[in-house]
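Structure at a glance
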Amino acid sequence: MSNALYFAIPVLIPEADNAWEAIMSDGRQAHGELVSTQVFVDLLAIPGSFRGYAHRYIMALSISAFNCVAVSVGALRFSPAVLRSYDFEHQVNRPELLTVFNGLTAKTFSLAIIIYGRFDRIQFSMIDTATLNDSTPNELPPDAVDVPAWLEEALQVPREEGFIESQGCKLRYYRWGDRSNPGLLLLHGFLAHSRCFAFVAPYLAQHYHVVAFDMSGMGESGVREAYTDAVRATEVMDVARDTGLFDHALKPGLIAHSYGGHVALAALRLFQDVFHGAIVCDLMALRPERLREHFKSGRDLPSDPDRPNRIYPDYATAKSRFVLSPRQPVNEPSLFDYMAFHSLKQVEGGWSWKFDPSVFRSEFGSRDRILEQGRYIVETPGRKVIVYGQESVLFDDDSADYIRECGGQDIPMIGIPGARHHLMLDEPMAFVGILRATLAQWELQRD
């Protein structure tokens, strides 16, 4: 593998190869039965192909161990303005452990390994994914141009992907950060998918255990016959439980966009004692008279659950049919391209949408329910914060006044200037900043 960069680090107890610095802690017990070892490795001379944004690459760690209880691996990534730390814990009861980090692209790394047990060799390698025949899927669409550096970096932050089962349906989830931190569960909007948070979650993962998932009928999750509020709220519970968000002493929080806010409120109503609160982002809440005008305009979503999705002959044609709902321009075009790419899938005969038409069998579109949205938000128990785009057509400054008139004077409501309904696509960094500030305030107010 000509483009690969490879290091082997033989380590013996209690001595280490002098080529690398190995620091032995005081964790060794009598007779050497349990040893806690920290090994620090600095990689200073990474070839230029690794440093550019054109490639992603993998760090792989293989430990040959015996009587090994657990291994903790932390990778520190240095970039011009940011220092990030990622920690992964593994329970080990087999001789070989392989840990893979995706997307570490900075010039300098420090790898910290903590091993609880005895081992006889550590092997570390770093491989340019350009040599792996695209075995690491590319997050960016094939027609991506002028992608900002912050987006490249965010998408390369290591994450875990997998499925959990909820009420007989498979749900795709993504996880960022250290599981020992307080939990956050991110909920996407209608006909969308959890990758709308893929460039937001990494900025929260330094201090939180962050999970996002595709609701059933959308993204890469399975489908159901119907999607009631109770079903959606139970999905939230099942994902939080099965990904370990309830394992922390502090209750997890919810961050939810649009329809996800509807689901978050349903979860707070049905399971009010298990979540710390919800940050509801641009959930439709207009005065009843404005809603009636909205419905007269014919801007409702199509709602035929029995009409199959159209198949387009190629990706370019399919992408040309992608629109946001409600329709709006996007301040960051590369994010529009990203969302379009991950809203589509290849099928027999071409390309089609990932969402299943069955999702229209839900309670979300009930006009009676939406007409009472203001009171519904206020009367839902638990801590709530509302974040909205000040140019949104679904929640604006007048909506905030309406919520207060419904009795929500104690609900913080924060508008993002220049943002529309899809605020993470319009002002992603402002959105992240508000989320961070809100979460920091919650930490000060925890019971």
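Preceding this section is the structure that the text describes.
Residues numbered from 1 in each chain as written. Predicted model: local features only at pLDDT ≥ 70, side-chain atom pairs only at ≥ 80, totals over all residues. Heavy atoms only, no water.

Turning our attention to the overall build of the protein. Each helix and strand counted, the protein has 12 helices and 17 strands in total. By the burial criterion, 54% of the 447 residues in the protein qualify as buried. Intrachain contacts of the protein at a sequence separation of at least 6 include 77% that bridge at least 24 residues. Working note: accessible area of the protein is about 19,900 Å², and carbon and sulfur atoms make up 50% of it. (Helix = DSSP H or I, 4+ residues; strand = E, 2+ residues; numbered from the N terminus. Buried < 20%, exposed > 50% of the residue type's maximum accessible area, 1.4 Å probe, protein only. Contact = heavy atoms within 4.5 Å. Areas by Shrake-Rupley, 256 points an atom, 1.4 Å probe, with all protein chains shown as cover.)

Taken as a whole and judged by the stated rule, the model has 23 salt bridges. Its salt-bridge partner being Asp238, residue Arg241 comes within 3.1 Å of it at the nearest N-O pair. Note that Arg241 and Asp238 are positioned in helix α3 (residues 229-242) at a spacing of 3 residues, about one turn of the helix. Looking at Arg241, the relative accessible area reads 43%, which means it is partly exposed. Relative accessible area serves as the criterion here: at 9%, Asp238 is assigned to the buried category. What you see here is one network of salt bridges that share partners, running through Glu139, Arg159, Glu161, Arg172, Arg195, Glu220 and Lys354. (Salt bridge = Lys/Arg side-chain N within 4 Å of Asp/Glu carboxyl O.)

With that settled, the discussion passes to the sheet that holds strand β12 (residues 253-257). Strand order in the open sheet formed by 8 strands is β8-β9-β11-β10-β12-β13-β16-β17, with mixed pairing between adjacent strands. Two strands bound the open sheet, and with one partner strand each, they are β8 (160-166) and β17 (413-416). Taken over all neighbouring pairs, the strand axes of this sheet differ in orientation by 20° on average, direction set aside. On top of the sheet, α3 reaches β8, β9 (169-176), β10 (183-187), β11 (209-213) and β12; it is set at about 130° to β8, its chief contact. Contacts from helix α4 (residues 259-270) reach β10, β12, β13 (277-281) and β16 (383-389) within the one sheet, and its direction differs from that of β12 by about 145°. (Pairing = 2+ DSSP bridges. Axes fitted to C-alpha atoms, helices over the stretch in contact; angles between N-to-C directions.)

A separate point is helix α10 (residues 397-405). Of all the residues in α10, the buried ones are Ser399, Ala400, Tyr402 and Ile403. The buried residues of α10 occupy an angular sector of 160° when the element is viewed end-on, so they sit on one face. Turning to α10, the residues buried within the fold contact α5 (288-296), α8 (367-371), α9 (373-379), β16 and β17. The residue sitting at the N-terminus of α10 and contributing the capping side-chain oxygen is Asp396; that oxygen lies 3.2 Å from the backbone nitrogen of Asp398. Trailing α10 by a residue or two, Gly407 shows a phi angle of about 110°, which is positive. (Arc of directions from axis to C-beta. Polar contact = N/O pair within 3.5 Å; in protein donor to acceptor, adjacent residues only side chain to side chain.)

Glancing now at the nonpolar core. Membership of the largest hydrophobic core comes to 99 residues, with the highest contact counts inside it found for Leu185, Phe199, Ile255 and Phe431. With 7 residues, the single largest contributor to this core is α4. Once residues lying within four places of it in the same chain are set aside, the contact partners of Phe199 are Trp150, Leu151, Ala154, Leu155, Leu335, Tyr338, Met424 and Leu425. By size, the runner-up hydrophobic cluster in this structure holds 7 residues, among which are Leu291, Phe295, Ile370 and Leu394. (Core = buried A, V, L, I, M, F, W, Y, C linked by side-chain atoms within 4.5 Å.)

Here the focus is α5. The set of residues buried in α5 consists of Leu291, His294 and Phe295. Mapping the buried residues of α5 onto a view down its axis gives an arc of 95°, with all of them on the same face. On its buried side, α5 packs onto α8.

Before going further, it helps to spend a moment on the environment of Ala440. Here Ala440 is to be found in helix α12 (residues 428-445). A C-alpha to C-alpha distance of 9.9 Å links Ala440 and His207, two positions 233 residues apart in sequence.

A word on the pairing of β9. Buried residues dominate β9, accounting for 7 of its 8 residues. The sheet contact formed by β8 and β9 spans 7 bridges and is antiparallel. What sits directly across from Phe163, in β9, is Arg172. Joining the antiparallel neighbours β8 and β9 is a turn of 2 residues, in which Gln167 adopts a positive phi near 55°. Bridging between β9 and β11 involves 4 bridges; their strand directions are antiparallel. Directly across from Tyr174, in β11, lies its bridge partner Ala212.

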